[in-house]
Amino acid sequence: MEMLDALDQAVMASFSRLARLSQGRTIAIPLSGGYDSRLVLLTLRRLKYDNLITFTYGRPGNPDSVISEKIASILKVPWNFVPYSINTWQSWYSSEEKNNLFRFADGLSSLPAYSSFPALSTLKRSGFLPPDSILVPGIAADLPAGSYSVACPSFYLCQKINLERVARKIANVLYGLHPMDESDLQFALRRTRLSLLP
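Residues numbered from 1 in each chain as written. Predicted model: local features only at pLDDT ≥ 70, side-chain atom pairs only at ≥ 80, totals over all residues. Heavy atoms only, no water.

1. Side note on the nonpolar core
So the rule is basically this: For the purposes of this section, nonpolar cores are sets of buried Ala, Val, Leu, Ile, Met, Phe, Trp, Tyr and Cys residues that join through side-chain atoms within 4.5 Å. Exposed residues in this analysis have more than 50% of their type's maximum accessible area, buried residues have under 20%, and partly exposed residues fall in between, with area computed by a 1.4 Å probe over protein chains only. Helix numbering and strand numbering both begin at the N terminus, where a helix is a DSSP run of H or I of at least 4 residues and a strand a DSSP run of E of at least 2. By definition in these notes, contact holds between two residues if any of their heavy atoms fall within 4.5 Å.
Counting 17 residues, the largest nonpolar core has Ile27, Ile29, Val40, Leu41, Leu44, Tyr49 and Leu52 as the members making the most contacts within it. Of all the secondary-structure elements, those providing two or more residues to this core are α1 (2-22), β1 (27-30), α2 (35-46) and α3 (63-74). Once residues lying within four places of it in the same chain are set aside, the contact partners of Leu52 are Ile27, Ile29, Leu41, Leu44, Arg45, Val77 and Pro78. Counting residues in each nonpolar core, the second largest holds nine residues, with Ala28, Ile53, Val82 and Leu123 among its members.

The following block contains the structure:
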């Protein structure tokens, strides 16, 4: 119970900062059927942040769209669906917008995550997504939500777990391609402790 309370405090502190820094601007959440984006939406609703919109994309009728529409409806948050097709991707992939994203985001060391961009372009053109919106995807919530339970089962099975052990497990999962040395890990531990503060 103590770790759940600590997690809740950290999540609330983090999202309180997000709400404060957003200054009433629209927060747009790519809402899937998973727990990570649901955590983002539910936490912002808990904080009574009202200027929220959600969207989902992909093939019409896909499971994520069905679940996310239901969640948005229950929470009374505007939701929009952008259907994807081969034509959607061909059009976006040959666009100057895609070229600009690749030049900006790859850093010659990684592939940009671009699955949301055709949807974002469509939503901007339609006026659903205001120009000064803040995009808040839920991908960072994957580890506490449980989707990495196969990668580090002891993280979820251990009843007594301390902050350093949690930070080490997170580092092992998220930095597996470029392991952290001890000084990097100690920095991450300090940041984790700071994130628990309001």
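2. Some thoughts on the layout of surface pockets
Remark: the empty space left among the atoms is shown by a probe the size of a water molecule rolled over them. How we decide: Cavity and pocket criteria rest on a 1 Å grid covering protein atoms alone: a 1.4 Å probe that fits but cannot get out defines a cavity, protein on both sides within 12 Å along at least 5 of 7 lines defines an open pocket, and an atom within 4 Å of a point defines a lining residue. Grid points are joined across faces, edges and corners, and a volume is the space filled by probe spheres set on the points. Three categories are distinguished: nonpolar for Ala, Val, Leu, Ile, Met, Phe, Trp, Tyr, Cys and Pro, charged for Asp, Glu, Lys and Arg, and polar for the others, with Gly belonging to the last.
Approximately 420 Å³ is the volume found for the second largest pocket. Among the secondary structure elements, those contributing two or more residues to the lining of the second largest pocket are α2, β2 (52-58) and α6 (117-126). With three residues, β2 is the single largest residue contributor to the lining of the second largest pocket. Grouping the amino acids of the lining of the second largest pocket by side-chain chemistry returns ten nonpolar, six polar and two charged.

3. Some details on the sheet that holds β2
Rules: Here, strands pair whenever DSSP counts at least two bridges between them. As a rule, the C-alpha atoms of each element are fitted with a line to give its axis, helices using only the stretch in contact, and angles between N-to-C directions run from 0 to 180 degrees.
The four strands are arranged β3-β2-β1-β4 in an open sheet whose pairing can be described as parallel. Pairing within the sheet leaves two strands with one partner each, and these edge strands are β3 (79-83) and β4 (134-135). Note that β1 and β2 share four bridges and pair parallel. Opposite Pro30, over in β2, you have Phe55 as the bridge partner. The strands touched by α2 within the sheet are β1 and β2, with β1 carrying the most contacts at an inclination of about 150 degrees. Across the sheet, α3 is in contact with β2 and β3; its angle to β3 comes to roughly 165 degrees.

4. Some details on the packing of aromatic side chains
Two aromatic rings, taken as a pair, are described by how far apart their centres are and by the angle between their planes. To keep things clear, this is the line we draw: Two aromatic rings from Phe, Tyr or Trp, using only the six-membered ring of Trp, form a pair when their centres are within 6.5 Å; if the ring planes differ by under 30 degrees the pair is stacked, by over 60 it is edge-to-face, and anything between is tilted. Placement of a positive charge over a ring is assigned whenever Lys NZ or Arg CZ falls within 6 Å of the ring centre and within 35 degrees of the normal to the ring plane.
This structure, assessed with the given rule, holds ten aromatic pairs. Aromatic pair Tyr57 and Tyr84: ring centres 5.0 Å apart, planes at 20 degrees, arrangement stacked. Linking Tyr57 in strand β2 with Tyr84 in the loop between β3 and α4 (86-93), this pair joins segments that are 27 residues apart in sequence. With a relative accessible area of 22%, Tyr57 lands in the partly exposed category. Among the residues examined, Tyr84 registers a relative accessible area of 10% and is labelled buried. Pairing Tyr93 with Phe102 gives two aromatic rings, centres 6.2 Å apart and planes at 90 degrees, and the pair type is edge-to-face. Aromatic ring contacts, followed pair by pair, group Phe55, Tyr57, Tyr84, Trp89, Trp92, Tyr93, Phe102, Tyr114 and Phe117 into a single cluster. The positively charged end of Lys98 is found above the aromatic ring belonging to Tyr93, 4.2 Å away from the centroid. The cationic tip of Lys98 hangs over the ring face of Phe102; the distance from NZ or CZ to the ring centre is 4.8 Å.

5. Brief notes about the pattern of salt bridges
Counted only if it meets this: The term salt bridge refers to a side-chain nitrogen of Lys or Arg lying within 4 Å of a carboxyl oxygen of Asp or Glu.
By the definition in use, this model includes two salt bridges. Ionic pairing is found between Arg46 and Asp8, a salt bridge with its closest N-O pair at 2.8 Å. With Arg46 in helix α2 and Asp8 in helix α1, this residue pair connects regions lying 38 residues apart in the sequence. With a relative accessible area of 47%, Arg46 lands in the partly exposed category. Ionic pairing is found between Arg103 and Glu96, a salt bridge with its closest N-O pair at 2.9 Å. Judged by its relative accessible area of 47%, Glu96 is partly exposed.

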